[in-house]
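Architecture at a glance
As a plain string of letters, each chain reads:
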Amino acid sequence: MLMDAVMPGMDGFETCRRLKARPHVAHVPVIFMTGLAETEDVVRGFAAGGVDYVAKPIVPDELIARIRTHLANARLAQSARAALDATGRHLLAVDGNARLLWSTPQAEARLAAAFPTCAGNAAPGQGPAAGLAAGFRLGPEAATWLAVPGAAEAAPLTLAVEAGGAVQLTLIGRLGPDEILLRLTEGRLVRDEDLLREAFGLTARESEVLLWVANGKPNRVIAEILELGARTVDKHVERIFAKLGVENRTAAAAQALKVLGGR
């Protein structure tokens, strides 16, 4: 899309921002072409979501070369997302404010069912997130989870939803400075740690340690995640083994997973 920065009424920067807030067209690359050449104008173009900026008078060959490059990059991104769609995975990407950028159809359907007041009226097939209103946001709790250093990496987030029940968000990776890939699953309103504490008569800290043991984490990593000393974690693990009546991590993890899998 070629966008003039200076237009009557709504300028190109605001137009681009509004387009990027609509998930079914947000992936379309926008190139600004304008007589504005100050650095602050160029920065405004990129901040609004543009991928490039060309100054007037336009050099046609240069512009065509830029268009080809950005179209190729956009096609690669779309192909990657299409591959994710084909796997049937519940995946979505959000920005740092937990605002939806794109999602697979499976994740879109689950979110639309979980947050019915946020569902849009777009026709099926208009894009990965066409069933949700433009600018859909997971909410301030999710934004805080993503913003606190290490929080999203340490543990999933469970969100209560409008339709009842809960969904769980797990961080897959950070794809760029403001694109975060998440997996969506059915969540539990009761925390896993609480289930383990009740099932085995553990302390709150022991239940946290056991949960990470069940997730295959060694003691040194658990110590880093929970910000505990390595010897403290070793002692917690010893007490957990005694309470569960097991002799090794594999047996402890198996018992924990049996409890968690019964939900």
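Residues numbered from 1 in each chain as written. Predicted model: local features only at pLDDT ≥ 70, side-chain atom pairs only at ≥ 80, totals over all residues. Heavy atoms only, no water.

Now for the pattern of salt bridges. Evaluated as defined, the whole model comprises 12 salt bridges. Among the salt bridges present, the one from Arg18 reaches Glu14, with a minimum N-O distance of 3.0 Å. Within this pair, Arg18 and its partner Glu14 are both found in helix H1 (residues 12–20), separated by 4 residues, close to a single helical turn. Each of the salt bridges in this network shares a partner with another, and the network as a whole consists of Glu14, Arg17 and Arg18. (Salt bridge = Lys/Arg side-chain N within 4 Å of Asp/Glu carboxyl O. Helix = DSSP H or I, 4+ residues; strand = E, 2+ residues; numbered from the N terminus.)

Turning to the nonpolar core, a few remarks are in order. Inside soluble globular proteins, nonpolar side chains tend to come together where they are buried. If you look at the biggest cluster of nonpolar residues, it comprises 24 residues, and the most contacted ones within it are Leu92, Val94, Leu138, Leu146, Leu169 and Leu182. Contributions of two or more residues to this core are made by strand S4 (91–94), helix H4 (105–114), helix H5 (140–147), strand S6 (157–160), strand S7 (166–176) and strand S8 (179–186). Considering each element in turn, this core owes the most residues, 4 residues, to H5. With sequence-adjacent residues up to four places away left out, Leu182 is seen in contact with His90, Leu91, Leu92, Val94, Leu138, Trp145, Leu146, Leu169, Thr170, Leu171 and Ile172. Val209, Ala214, Leu244 and Ala252 belong to the second-largest nonpolar core, a separate cluster that totals 22 residues. (Core = buried A, V, L, I, M, F, W, Y, C linked by side-chain atoms within 4.5 Å. Buried < 20%, exposed > 50% of the residue type's maximum accessible area, 1.4 Å probe, protein only. Contact = heavy atoms within 4.5 Å.)

Turning our eyes to something else, we now look at the sheet that holds strand S5 (residues 100–103). Read across the open sheet, the 5 strands follow the order S5-S4-S8-S7-S6; overall the sheet is antiparallel. Two strands bound the open sheet, and with one partner strand each, they are S5 and S6. Within the sheet, the average angular offset between the axes of one strand and its neighbour, ignoring direction, is 35 degrees. On top of the sheet, H5 reaches S4, S6, S7 and S8; it is set at about 170 degrees to S6, its chief contact. (Pairing = 2+ DSSP bridges. Axes fitted to C-alpha atoms, helices over the stretch in contact; angles between N-to-C directions.)

Looking now at the pairing of S7. Judged from the 4 bridges that link them, S6 and S7 form a sheet pairing that is antiparallel. In the sheet register, Leu157 faces S7, and the bridge partner there is Leu169. Strand direction decides the pairing type here: S7 and S8, joined by 8 bridges, are antiparallel. Bridging across to S8, Leu171 finds its partner in Leu182.

Bringing the sheet that holds strand S3 (residues 52–55) into the picture now. Across the sheet, which stays open at both edges, the 3 strands sit in the order S1-S2-S3 with parallel pairing between neighbours. Of all the strands in the sheet, just strand S1 (2–4) and S3 have a single pairing partner and so form its edges. Within the sheet, the average angular offset between the axes of one strand and its neighbour, ignoring direction, is 30 degrees. On the sheet, H1 packs against S1, strand S2 (31–34) and S3 and is oriented at approximately 140 degrees with respect to S1.

Here the residue pair Lys56 and Pro57 is connected by a cis peptide bond, since its omega of 0 degrees sits within 30 degrees of zero. Relative to the assigned elements, Pro57 resides in the loop between S3 and helix H3 (60–86). Its identity is not glycine, yet Ala98 carries a phi of approximately 65 degrees, on the positive side. Along the chain, the position of Ala98 falls in the loop between S4 and S5.

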